[in-house]
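Examining the three-dimensional arrangement
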Amino acid sequence: MKSNQQEFLTDQADRFDAVIVGAGFSGLYMLYRLREAGFSARIYEAADGVGGVWYWNRYPGARCDSDSIYYNYTFSDELIKEWTWSSRYPEQPEILRYLNFVADKFDLRRDIQFKTRITSAHYNDGNSMWNVLTDDGTSVSANYFITAVGCLSSANIPNFKGLNRFEGEWYHTGNWPHEKVDFESKRVGVIGTGSSGVQSIPVIAKEAKHLTVFQRTPQYSVPARNHPYNEAFIRETKENYSEIKKQMLESRVGIPIKRNDRSALDDTPEERKLKFEEAWNKGGIWTLGAAYNDLAINEAANETAAEFIRVKIKEKVHDPEAAKKLMPSYYYLAKRPICDTHYYETFNRENVTLVDVKESPIEKITSKGVKTTETEYELDTLVFATGYDAMTGPLFKIDICGKEGKALKEKWDNGAQTRTYLGIATAGFPNFFMITGPESPSVISNMPVSIEQHVEWIADCLQYLRVHNIETIEAKTEAEEAWSKHCKDVADATLYSKTESWYTGANIAGKPRGFLIYLGGVDQYRKICNDVADKGYKGFSLM
Ligand code: FAD
Ligand code: N01
């Protein structure tokens, strides 16, 4: 007897207008738009549920750091009316509930195949179709291959010697068990102090017998100032959402924050302190960076904000040695900004030890714990908050081959030569679209805004092709060369590309360096994409 899945694949659906990979924010909306436009589409999702990041990241303290009223879909007025966020930065379960609510409301599940990983997608030059293979060996074909794989879905577990010998339990924040992990009376180690570490460390510290934090690079973190939303605020937000949406679209990062159009160096130290204090008191990741217009481009201006935060760390952390270790020196904003709830204060707890692994690097994992060049830390549980092989990582996990069998990984020279047109398409790969692909604003924006823009652009494009009877669309090499150069020029005018981070690939051993994010702002980027479409998809070959 055939299983339900086999029946489905052989009997009805081995050919689609579009195959979409991933059922997070991106894939769900892509499916919705394509269905609305009358295309047949199917999502393949490795997890057994929708949600993407919010399905996988169940670690203690996981929550968004975009204000929730902006960290949602805006395409449906009905959805805005029906869903109410509890607080400024809700926790992971609430965001996952939201995405499940969306999937149910728009009846999306019937076109999603869960627990299925896409392993390869090969373009067939003969019939201009994509042949897509899943990890259960099933093959399907589609006119369009659309990746909604996320920028941060390929977990990075550093290749420490000896991990297989560790006798305790270990977890990566981005692949957290569904059951509660019990830290009570445990000696816990957390490696990594990026956003995931900074969110989880204060929560784990409260529960664990002892927590050892292994820090390689200290971070600038500002207070989140999370709080419940009150009824009046919710009512006002819902009533004015069309105006709020307009402001989101017109902003640089997809969140309506007014940037002070003044250099930090034009104010006196006293005036600057007032401005920074005001932002610090508002909290959140975007406010301090918007206090002046040159913090991300001018070293001296940047240092004023960096020093402001360092002074705050010194004030919060009682032990001067620990405070010193926690003070960052890289350019503020050039690594992904972070906000926290009592992160620095956690290092005042008796049961927390901070280990600087730049000073004494981790040599290996032993059966008992973590051995640095100085000492061995015995642990029952080890948490890897070590981030992701971002941007290209999830794409390279799929064997994607374009015209004449050329692999994406080969074309991009393992990432060293990543070239895209608008971050959506790449030459040599007809009818292939990437949602929030490399060289789009993606991770330096409030992502749902960028996701909606990409999805709508792609859906409009497919309708244009259908109306004009066009079989294939492919980025021109000269268009992508120009776009990649533009991205690089914009990044090189800032401090971002001068700082080692996961933005540049520096967090992954052996990964080629490059800055794969468009920094021109989501407002500007939208205009460019619309202009390309308005000019009959300028920069693309249509056949
Ligand atoms: P994802 O949510 O990553 O979904 C991709 C899906 O594709 C996953 O479910 C994955 O299983 C699936 N997939 C990947 N490869 C395959 C394959 N080969 N076969 C089948 N399935 C596959 N951004 C913000 O703007 N604000 C925030 O506050 C914010 N908070 C974040 C918090 C955390 C902990 C993390 C990790 C990221 C956060 N982000 C935030 C960034 C986040 O990536 C985006 O906001 C958004 O969730 C991305 O949605 P997505 O659908 O594009 O990708
Ligand atoms: O990962 P990260 P993350 N030895 O790469 C350290 C989003 N997000 O999961 O800085 C020792 O930022 C590494 O050290 P260093 C958000 O976009 C959002 O925390 O490379 N340490 C760093 O400290 C975010 O930026 C939220 O020197 C090692 C840490 O591990 C992105 O996801 C929450 C190491 C990794 O930090 C990624 O965040 C969570 C090694 N070999 C995530 N390798 C929100 O709040 C790495 N490290 C919304």
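Sequence positions are assigned chain by chain, starting from 1 and proceeding in written order. Chains and ligands are labelled sequentially in the order written, the chains with letters from A and the ligands with numbers from 1. Reporting of local features is limited, given that this is a predicted model, to residues whose pLDDT is at least 70; pairs of side-chain atoms are given and counted only at 80 or more, and all residues count toward the totals for whole chains, interfaces and linings. Side-chain measures here rest on the full set of heavy atoms in the structure, leaving out hydrogens and waters.

A look at the pattern of salt bridges
Rules: Any carboxyl oxygen of Asp or Glu that lies within 4 Å of a side-chain nitrogen of Lys or Arg is treated as forming a salt bridge with it. By the criteria applied, helices consist of DSSP H or I runs no shorter than four residues and strands consist of E runs no shorter than two, each listed in order from the N terminus. Each residue's exposure class comes from its accessible area (1.4 Å probe, protein chains only) as a fraction of the maximum for that residue type: buried when under 20%, exposed when over 50%, partly exposed otherwise.
By the definition in use, this model includes 32 salt bridges. Of the charged contacts, one joins R33 and E456 as a salt bridge, the two residues approaching to 3.9 Å between their closest N and O atoms. Note that R33 is positioned in helix 2 (residues 25-36) and E456 in helix 14 (residues 447-467), a separation of 423 residues in sequence. Overall, the relative accessible area of 22% leaves E456 in the partly exposed class. The partner of E307 in a salt bridge is R310, and the shortest N-O contact between them spans 3.0 Å. Residue E307 and its partner R310 are located together in helix 10 (residues 299-316), separated by three residues, close to a single helical turn. Using a relative accessible area of 37% as the deciding quantity, one classes E307 as partly exposed. Note on R310: relative accessible area 11%, which makes it buried. One connected set of salt bridges, linked through shared partners, spans R35, R42, D107, R110 and D111.

A few points about the nonpolar core
Note the cut-off: Side-chain atoms within 4.5 Å are what join buried Ala, Val, Leu, Ile, Met, Phe, Trp, Tyr and Cys residues into a set we call a nonpolar core. Between two residues, a contact is recorded if the distance between any of their heavy atoms is within 4.5 Å.
In terms of nonpolar packing, the biggest core is built from 139 residues, with L34, Y73, F433 and W457 touching the most fellow members. Broken down by element, this core gets its largest block of residues, 10 residues, from helix 14. Once you skip the residues sitting within four places of it in the chain, L34 turns out to touch A18, I20, F39, A41, I146, A459 and L462.

Remarks on empty space enclosed by the protein
Rolled over the atoms, a probe as big as a water molecule pinpoints where empty space is left. Stated precisely, the cut-off is as follows: Lining residues are those with an atom within 4 Å of a point, where the points come from a 1 Å grid over the protein atoms alone and group into cavities, where a 1.4 Å probe fits but cannot get out, or pockets, open sets with protein on both sides within 12 Å along at least five of seven lines. Grid points are joined across faces, edges and corners, and a volume is the space filled by probe spheres set on the points.
In this structure the tally under the stated criterion is four cavities of 30 Å³ or more. Of the pockets and cavities examined, the largest cavity occupies roughly 130 Å³. Surrounding the largest cavity, 13 residues form its lining, N72, I80, W83, W85 and K238 being those nearest its centre. Counting residues per element, the ones that place at least two in the lining of the largest cavity are helix 4 (77-82) and helix 7 (231-239). In terms of residue count, helix 7 provides more of the lining of the largest cavity than any other element does, three residues in total.

Digging into the sheet that holds strand 7 (residues 169-172)
Note the following rule: Two strands pair under a simple rule: DSSP has to find at least two bridges between them. Where helices are involved, their axes are fitted lines through C-alpha atoms of the stretch in contact, as for all axes, and angles between N-to-C directions lie from 0 to 180°.
In space, the five strands of this open sheet follow the order 7-16-8-9-12, with parallel pairing throughout. Because the sheet does not close on itself, it has two edges, and the strands there are strand 7 and strand 12 (352-356). Averaged over all pairs of adjacent strands, the angle between strand axes in this sheet comes to 15°, irrespective of strand direction. Pairing analysis gives four bridges linking strand 7 to strand 16 (residues 381-384), with the strands arranged parallel. Among the inter-strand pairings, Y171 is bridged to a residue of strand 16, identified as V383. Packing of helix 6 (residues 195-207) onto the sheet brings it into contact with strand 8 (187-191), strand 9 (210-215), strand 12 and strand 16, and relative to strand 9 it is tilted by some 155°.

Considering the sheet that holds strand 14 (residues 369-372)
In space, the three strands of this open sheet follow the order 13-14-15, with antiparallel pairing throughout. Both outer strands of the open sheet, strand 13 (362-365) and strand 15 (376-378), are each paired with one neighbouring strand and no more. On average, each strand axis in the sheet is inclined to that of its neighbour by 20°, with strand direction left out of account. With three bridges joining them, strand 13 and strand 14 adopt antiparallel strand pairing.

Some details on the site of ligand 2
To keep things clear, this is the line we draw: Nearness is judged by heavy atoms alone; a residue qualifies as near a molecule or strand once a single heavy atom is within 4 Å of it. In protein, a polar contact means a hydrogen-donor-capable atom and an acceptor-capable atom, both N or O and within 3.5 Å, with residues adjacent in sequence counting only if both atoms are side-chain atoms; elsewhere, any N or O pair within 3.5 Å suffices. Note that accessible areas follow from Shrake-Rupley with a 1.4 Å probe, and for residues the cover is restricted to the protein chains shown. Nonpolar residues are Ala, Val, Leu, Ile, Met, Phe, Trp, Tyr, Cys and Pro. Charged residues are Asp, Glu, Lys and Arg, and all others, Gly as well, are polar.
Within the structure, ligand 2 sits among 23 residues, and S196, Q199, R216, T217 and K335 are positioned closest to it. Residue A385 places a main-chain N or O atom 3.3 Å away from an oxygen atom belonging to ligand 2. Look at ligand 2: alone it shows 910 Å² of surface, and the protein chains cover 89% of it. Among the elements that make up the shell around ligand 2, the one with the highest residue count is helix 6 (three residues). The class makeup of the residues in the shell around ligand 2 is nine nonpolar, nine polar and five charged.

As for the layout of surface pockets
Each pocket or cavity is described by its volume, and for the second largest pocket that value is around 580 Å³. Broken down by class, the residue content of the lining of the second largest pocket amounts to 19 nonpolar, five polar and three charged.

Remarks on the side chain of S87
Here S87 shows up in the loop between helix 4 and helix 5 (92-105). Residue classification places S87 among the buried positions, given a relative accessible area of 10%. Non-local contacts of S87, meaning those with residues more than four positions away in its chain, are made with S68, N226, H227, P228 and Y229.

Topic: the state of the cysteines
Test applied: Cysteine sulfurs are considered disulfide-paired once they come within 2.5 Å of each other.
The full count for this structure, using the stated rule, is zero disulfides. Not part of a disulfide, C461 finds its nearest cysteine sulfur in C529, a span of 11 Å. C461 sits in the buried class, given a relative accessible area of 0%. Counting only cysteine sulfurs, C529 is the nearest neighbor of C487, a cysteine outside any disulfide, at a range of 10 Å. Assessed through its relative accessible area of 1%, C487 is described here as buried.

Some thoughts on the site of ligand 1
Inspection of the region around ligand 1 gives 30 residues, with S26, E45, D65, Y71 and M447 positioned closest. Between ligand 1 and Y71, the relevant distance is 2.6 Å, taken from an oxygen atom to a side-chain nitrogen or oxygen of the residue. Contact distances for ligand 1 include 2.9 Å between a nitrogen atom and a backbone N or O atom of I118. For ligand 1, the protein covers 95% of the area, taking 990 Å² as the surface of the free molecule. Residue assignment for the shell around ligand 1 shows that the elements contributing at least two residues are helix 2, helix 3 (53-56) and helix 14. In terms of residue count, the dominant contributor to the shell around ligand 1 is helix 3 (three residues). When grouped by side-chain class, the residues that make up the shell around ligand 1 number 16 nonpolar, 11 polar and three charged.

What about the environment of T193?
Considering the arrangement of structural elements, one finds T193 in the loop between strand 8 and helix 6. Separated by 20 residues in the primary sequence, T193 and V213 have C-alpha atoms spaced 8.0 Å apart. Residues in contact with T193, not counting those within four places in the same chain, are V198, I201, V213, Q215, T217, Q219, I338 and Y343. A polar contact of 3.1 Å, which involves the side chain of T193, links it to the backbone oxygen of T217.

Observations concerning the packing of helix 2 against helix 14
The condition that has to hold: Here the word oblique covers every angle except those under 35 degrees (roughly parallel), over 145 (roughly antiparallel) and from 65 to 115 (roughly perpendicular). The crossing is said to be left-handed when, going from far helix to near helix, the turn is anticlockwise and less than a right angle, and right-handed when the turn is clockwise.
One can describe the packing of helix 2 onto helix 14 by two numbers: an axis separation of 9 Å at closest approach and a directional angle of 30°. By the angle class used here, helix 2 and helix 14 are roughly parallel. Pair helix 2 / helix 14 crosses with right-handed handedness. Residues F25, S26, Y29, M30, R33 and L34 of helix 2 pack against P448, I451, E452, V455, E456, I458, A459, D460 and L462 of helix 14.

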